[in-house]
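Survey of secondary and tertiary structure
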Amino acid sequence: MAVLLVAIVAGVYVGHRTYAWLGWITFGVLLVGDGMSCFKMFANRVNFKRLYHTRR
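One structure accompanies this document, and this report is about it. What you see is a predicted model, and the numbers here were worked out from it, not measured in a lab.

Reading the values: rules and limits
- Residues numbered from 1 in each chain as written.
- Predicted model: local features only at pLDDT ≥ 70, side-chain atom pairs only at ≥ 80, totals over all residues.
- Heavy atoms only, no water.
- Helix = DSSP H or I, 4+ residues; strand = E, 2+ residues; numbered from the N terminus.
- Rg over C-alpha atoms; globule rule 2.2 N^0.38 Å.
- Buried < 20%, exposed > 50% of the residue type's maximum accessible area, 1.4 Å probe, protein only.
- Areas by Shrake-Rupley, 256 points an atom, 1.4 Å probe, with all protein chains shown as cover.
- Patch = residues over 30% accessible without salt bridge, like charges linked within 9 Å, V, L, I, M, F, W, Y side chains within 5 Å.
- Salt bridge = Lys/Arg side-chain N within 4 Å of Asp/Glu carboxyl O.
- Axes fitted to C-alpha atoms, helices over the stretch in contact; angles between N-to-C directions.
- Parallel < 35°, antiparallel > 145°, perpendicular 65-115°, else oblique.
- Left-handed = near helix turned anticlockwise from the far one by under 90°.
- Contact = heavy atoms within 4.5 Å.
- Nonpolar A, V, L, I, M, F, W, Y, C, P; charged D, E, K, R; others polar.
- Expected span 1.5 Å × (residues − 1).
- Arc of directions from axis to C-beta.

What follows concerns the overall build of the protein chain. Scanning the protein chain from N- to C-terminus turns up two helices and zero strands. In terms of overall size, the protein chain is more extended than a compact globule, its C-alpha atoms giving a radius of gyration of 19 Å where 56 residues would be expected to give roughly 10 Å. Taking the principal axes of the C-alpha coordinates as reference, the protein chain spans close to 65 × 20 × 15 Å. Burial status across the protein chain gives 9% buried among its 56 residues. Accessible surface for the protein chain amounts to roughly 5,600 Å². Of this, 68% is attributable to carbon and sulfur atoms.

A cluster of nonpolar side chains, Leu 4, Ile 8, Val 12 and Leu 31, forms an exposed patch at the surface whose accessible area comes to about 320 Å². Looking at the nonpolar patch element by element, the count peaks at three residues for helix α1 (residues 2–17).

A few words now on the packing of α1 against helix α2 (residues 20–41). Across the interface, α1 lies against α2 with an axial gap of 7 Å and an inter-helix angle of 160°. Compared by their axis directions, α1 and α2 come out roughly antiparallel. Crossing of α1 against α2: the hand is right-handed. Mapping the contact onto sequence places Val 3, Leu 4, Val 6, Ala 7, Ile 8, Ala 10, Gly 11, Val 14 and Gly 15 in α1 and Ala 20, Leu 22, Gly 23, Thr 26, Phe 27, Leu 30, Leu 31, Asp 34, Gly 35 and Cys 38 in α2. Residue composition of the contact of α1 with α2, by class: 13 nonpolar, five polar and one charged.

Now for the environment of Gly 28. Within the secondary structure, Gly 28 is located in helix α2. A relative accessible area of 26% places Gly 28 in the partly exposed class. A C-alpha to C-alpha distance of 7.6 Å links Gly 28 and Ala 7, two positions 21 residues apart in sequence.

Okay, α1 next. Across its 16 residues, α1 extends 22 Å between first and last C-alpha, which sits within 8% of the 22 Å expected from 1.5 Å per residue. For α1, the complete set of buried residues consists of Ala 7, Gly 11 and Gly 15. All buried residues of α1 lie within an arc of 55° about the axis, which places them on one face of the element. Among the exposed residues of α1, those oriented more than 90 degrees off its buried face are Ala 2, Leu 5, Val 9, Val 12, His 16 and Arg 17. Where α1 is buried, its residues meet α2.

Laid out in structure tokens, this is it:
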């Protein structure tokens, strides 16, 4: 959620200060970059799953 908020705020700020299309590019780059960094940060996370065995 914070990644989306940062990307929106930065995109609006850059779009307001410069051209609007540059704000959209900034939003997209930050959204993809932050998403990839979050994916790498949680890549080694342990995920426990319950296995359900069915009787045959």
